[in-house]
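Breakdown of the fold
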Amino acid sequence: MLQKGDIAPDFTLSSTPEKTVTLSELKGKNVILAFYPADWSPVCSDQMALYNEMLKYFEKYNAVLLGISVDGAWCHAAFAKARQLHFDLLADFEPKGAVSQLYGVYENGVSQRALFVIDSQGVIQWSYLSPIGQNPGADGILAALENIKN
Amino acid sequence: MPNLNPPVNALDHILGAPNATIELVEYGDFQCPYCREAFYIVKQLQERFADRLRFVFRNFPLQEAHEFAMDAALAAEAAARQDRFWDMHDAIYNRQPELNEALLLRLAADMELDLRQFADDMDSPKLLSRVEADFESGVRSGVNGTPTFYLNGKRYNGDYRVLSSFLEE
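In this report, we go over the structure that sits alongside the text. As the structure is a computational prediction, the values presented were derived from the model and not from experiment.

A look at the interface of chain B and chain A
Contacts between chain B and chain A engage 22 residues on the former and 19 residues on the latter. The junction of chain B with chain A conceals about 1700 Å² of combined surface from both sides, 54% of it contributed by carbon and sulfur atoms. In this assembly, chain B and chain A are joined by 3 salt bridges. Inspection of the region where chain B meets chain A yields 7 residue pairs in polar contact (both at pLDDT 80 or more). At the level of elements, α1 (33-49) and α6 (125-140) of chain B are the ones that each hand at least two residues to the side of chain B that touches chain A.

As for the packing of aromatic side chains
Residue and element names in this part refer to chain B. Applying the stated criterion across every chain, the model contains 21 aromatic pairs over all chains. Summarising the aromatic geometry, the rings of Phe 30 and Phe 57 are spaced 5.2 Å apart at their centres and angled 35 degrees between planes, so their arrangement reads as tilted. With a gap of 27 residues between them, Phe 30 in the loop between β2 (22-28) and α1 and Phe 57 in strand β3 (residues 53-59) connect regions that are remote in the sequence. Overall, the relative accessible area of 1% leaves Phe 57 in the buried class. On the numbers, 4.9 Å between centres and 65 degrees between planes, the contact of Tyr 156 with Phe 166 is edge-to-face. Of this pair, Tyr 156 sits in strand β5 (residues 154-156) while Phe 166 sits in helix α7 (residues 163-168); the two residues are 10 residues apart in sequence, bridging distant segments of the chain. Here Tyr 156 falls in the buried class, since its relative accessible area comes to 10%. Judged by relative accessible area, which is 41%, Phe 166 ranks as partly exposed.

A word on the pattern of salt bridges
Within this structure, the stated rule accounts for 15 salt bridges over all chains. Of the charged contacts, one joins Glu23(B) and Arg54(B) as a salt bridge, the two residues approaching to 3.3 Å between their closest N and O atoms. Residue Glu23(B) is located in strand β2, and its partner Arg54(B) is located in strand β3; the two are separated by 31 residues in the primary sequence. Here Glu23(B) falls in the buried class, since its relative accessible area comes to 16%. Across the pair Glu37(B) and Arg161(B) runs a salt bridge, and its minimum N-O distance is 4.0 Å. Remark: Arg161(B) occurs in the loop between β5 and α7 and Glu37(B) occurs in helix α1; sequence separation between them is 124 residues. Bridged by salt links that share partners, the residues Lys60(A), Glu146(A), Glu136(B) and Arg140(B) form one connected network.

Digging into the sheet that holds β5(B)
All names here are of chain B. Spatially, 5 strands are ordered β1-β3-β2-β4-β5 in an open sheet, and the strand pairing comes out mixed. On the outer flanks of this sheet lie β1 (13-16) and β5, each paired with one strand and no other. Between one strand and the next, the sheet's axes are offset by a mean angle of 25 degrees, whatever the strand orientation. Bridge count for β2 against strand β4 (residues 148-151) is 4 bridges, and the pairing is antiparallel. Residue pairing in the sheet places Glu 26 in a bridge with Phe 149 of β4. Sitting on the sheet, α1 touches β1, β2, β3 and β4, and the angle it makes with β2 is about 165 degrees.

Considering the pairing of strand β1 (residues 12-16) of chain A
All names here are of chain A. Looking at chain direction, β1 and strand β2 (residues 19-22) are connected through 4 bridges and run antiparallel. Along β2, the bridge assignment pairs Leu 13 with Val 21. The loop that links β1 with its antiparallel partner β2 comprises 2 residues.

What counts as what
- Residues numbered from 1 in each chain as written.
- Chains lettered and ligands numbered in written order.
- Predicted model: local features only at pLDDT ≥ 70, side-chain atom pairs only at ≥ 80, totals over all residues.
- Heavy atoms only, no water.
- Contact = heavy atoms within 4.5 Å.
- Buried area = accessible area lost by both parts, 1.4 Å probe.
- Salt bridge = Lys/Arg side-chain N within 4 Å of Asp/Glu carboxyl O.
- Polar contact = N/O pair within 3.5 Å; in protein donor to acceptor, adjacent residues only side chain to side chain.
- Helix = DSSP H or I, 4+ residues; strand = E, 2+ residues; numbered from the N terminus.
- Phe/Tyr/Trp six-rings, centres within 6.5 Å; stacked < 30°, edge-to-face > 60°.
- Buried < 20%, exposed > 50% of the residue type's maximum accessible area, 1.4 Å probe, protein only.
- Pairing = 2+ DSSP bridges.
- Axes fitted to C-alpha atoms, helices over the stretch in contact; angles between N-to-C directions.

What follows is the structure in structure tokens.
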């Protein structure tokens, strides 16, 4: 798993059937990458639902959130619509798990529950691997963004 | 393990003896069905542990997921301005399946609150920032869904349905 100080590997992934997102095009902003195993986990304790509520707090730190799993773009689209998610979910679908592998968080056919905070220069400033069944919350992300700011 | 930040203080809604040995803090959402389930469990805990327990409720409305969560949080805070926070808290959870804006006004009327004051308070930016401050403190404390509980300042990661036996230990 990549660590603080590593250069964040660039990638381009689909966020919807029509749209792609390229990491290097987000230079100038802090980027939060939230790898997670699968869409459609239970509602109120869902990690993506929590982050969806936090977008304005992330914006305060000039940060963009990207969710990444091996689900396909159509699945992400349905999930995002059902949960009213207002950030991009990227499909690490073909070749399956390739970006998750680049970041060292691919295992047993799914992305692990892992977080990376990347600064505006594209350098990883914080990373965290959560037990797969445990929602890591957002306290670590906020602390990392605060460190970058200072 | 994440800690409660900030600790329980004078701004909190607190129920129970100040010298209780167990301090249970909940971050909850009034429209979350799991929080409703936890509400009845906390009631049982309060009966069982009586003076040994003090309970604190902080708002964690998941606004994107729950249409009326923020209004309900504001209604409870507005009731608090008339010293009726816990009555409103209980009434909303009891009638959660019917929750909408009209219900909140009806509950305020049933409780014989000063309705003009209540309506003004619901719209007050001060109350909104109070609820948002609760939310932000929750995020900093490692809240990862609702309900999340803290026992004597430490996040409780277990199942809230077995809190009782956990507290007994």
